[in-house]
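Chains, contacts and geometry: an overview
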Amino acid sequence: MADLDLLTQSLARNVKRWRTERGFTLDTLAARAGVSRGMLIQIEQARTNPSLGTVVKIGDALGVSITTLLDYEQGPKVRIVPAEQAVRLWHTDAGSYNRLLAGAEAPGPLELWDWRLVPGESSSSDPHPVGTVELVHVTTGELTLTVDGVEYRVPAGASASFEAAAPHTYANTGPEPMEMVLAVSVPPVH
């Protein structure tokens, strides 16, 4: 089975599983996630490949990580993710990308990402649930991080943390590629 088909099937099974476990109807989850009921039906029936933004909204509404929604293996307590199994969820023709390296539920979703932005490119994110924290560590170049309209410069070797319940953007306004590692911690759904 192709990677995309495997991810579509896993997403369908896991969204339905977590929605049921949370006791959410399709309408409830649609309202919490800000996506249409029809989109959720298509996702649960594995008839669509939703955008990364849609998957993030559903994960946030369910209180689980993207890793959990896309996971197709039920494994042991220790899970090693080989480099070739890191999931690239966003990329551009110019060479920018992000890769989900690993994730866990601890007690809410916890994700570890690898990002690369070529000069002149950026990626924006909608606000996450209140209590979400992001940690970034820049390994190459300089990150231009904008949180709630305020711009911050994070050079190579430096790290930053911020509350991600506000709109935020990762950008590379410098002359060389920017690479960073990003951790996202989302509070559990109650």
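Residues numbered from 1 in each chain as written. Predicted model: local features only at pLDDT ≥ 70, side-chain atom pairs only at ≥ 80, totals over all residues. Heavy atoms only, no water.

Under the counting rule described, the total for this entry stands at nine salt bridges. A salt bridge links Lys57 to Asp126; the nearest nitrogen and oxygen atoms lie 3.9 Å apart. Highlighted residues: Lys57 in helix H4 (residues 52-62) and Asp126 in the loop between strand S4 (122-125) and strand S5 (133-140), separated in sequence by 69 residues. Residue Arg153 pairs with Glu151 through a salt bridge whose shortest N-O separation is 3.4 Å. Residue classification places Arg153 among the partly exposed positions, given a relative accessible area of 46%. Linked by salt bridges that have partners in common, Arg17, Glu21 and Arg22 make up one network. (Salt bridge = Lys/Arg side-chain N within 4 Å of Asp/Glu carboxyl O. Helix = DSSP H or I, 4+ residues; strand = E, 2+ residues; numbered from the N terminus. Buried < 20%, exposed > 50% of the residue type's maximum accessible area, 1.4 Å probe, protein only.)

With that settled, consider the sheet that holds strand S7 (residues 150-155). If you walk across this open sheet you meet the four strands as S4-S9-S6-S7, and the pairing is antiparallel. Each of the sheet's edge strands pairs with one partner strand only, and the pair in question is S4 and S7. Each strand of the sheet is rotated relative to its neighbour by a mean of 15°, with strand direction disregarded. By the bridge criterion, four bridges tie strand S6 (residues 142-147) to strand S9 (residues 168-171) in an arrangement that is antiparallel. Looking at S9, one finds that Thr146 is bridged to Thr169. (Pairing = 2+ DSSP bridges. Axes fitted to C-alpha atoms, helices over the stretch in contact; angles between N-to-C directions.)

Before going further, it helps to examine H4. Summarising burial for H4: eight of the 11 residues are buried, a large majority. All of the buried residues in H4 are Thr54, Val55, Val56, Ile58, Gly59, Asp60, Ala61 and Leu62. On its buried face, H4 is in contact with helix H1 (3-22), helix H2 (26-33), helix H3 (37-44) and helix H5 (66-70). Looking one or two residues beyond H4, the residue adopting positive phi is Gly63, at roughly 75°. (Contact = heavy atoms within 4.5 Å.)

Further remarks concern H2. Residues Leu26, Leu29, Ala30 and Ala33 constitute the buried set of H2. On an axial view of H2, the arc spanned by its buried residues comes to 100°, and they lie on one face. The secondary structure elements touched by the buried residues of H2 are H1, H3 and H4. (Arc of directions from axis to C-beta.)

Here the protein chain averages 87 in pLDDT, and 91% of its residues register 70 or above. Summarising per-element confidence for the protein chain, the mean pLDDT is lowest in strand S2 (residues 97-105) (76) and highest in S9 (97). (pLDDT = per-residue confidence, 0-100.)

Let us look at the pairing of S7. With six bridges connecting them, S6 and S7 associate as antiparallel partners. Counterpart to Val147 in the pairing with S7 is Val150. Between S6 and the antiparallel strand that follows it, S7, lie two residues; Asp148 among them carries a positive phi value of about 55°.

Centre-to-centre distance and the angle between the planes together describe a pair of aromatic rings. Scanning the model with the defined rule gives two aromatic pairs in all. Seen in terms of ring centroids, Trp90 and Trp115 are 5.5 Å apart; in terms of plane orientation they differ by 40°. Their pairing is tilted. With a gap of 25 residues between them, Trp90 in strand S1 (residues 87-91) and Trp115 in strand S3 (residues 109-117) connect regions that are remote in the sequence. Accessibility assignment for this pair places Trp90 and Trp115 in one class, buried. Ring centres of Trp115 and Tyr170 lie 5.0 Å apart, and the angle between their planes is 55°; this geometry places the pair in the tilted category. Pair noted here: Trp115 is in strand S3 and Tyr170 is in strand S9, with a separation of 55 residues, a long-range link. Of the two residues, Trp115 and Tyr170, both sit in the buried class. (Phe/Tyr/Trp six-rings, centres within 6.5 Å; stacked < 30°, edge-to-face > 60°.)

Our next topic: the packing of H2 against H3. Direction vectors running N to C along H2 and H3 enclose 110°, while the axes themselves pass 9 Å from each other. As summarised for this structure, H2 and H3 are arranged roughly perpendicular, according to the angle between their axes. Crossing geometry of H2 relative to H3 is assigned as right-handed. Judged by residue contacts, Leu26, Asp27, Leu29 and Ala30 of H2 engage Arg37, Leu40, Ile41 and Glu44 from H3. (Parallel < 35°, antiparallel > 145°, perpendicular 65-115°, else oblique. Left-handed = near helix turned anticlockwise from the far one by under 90°.)

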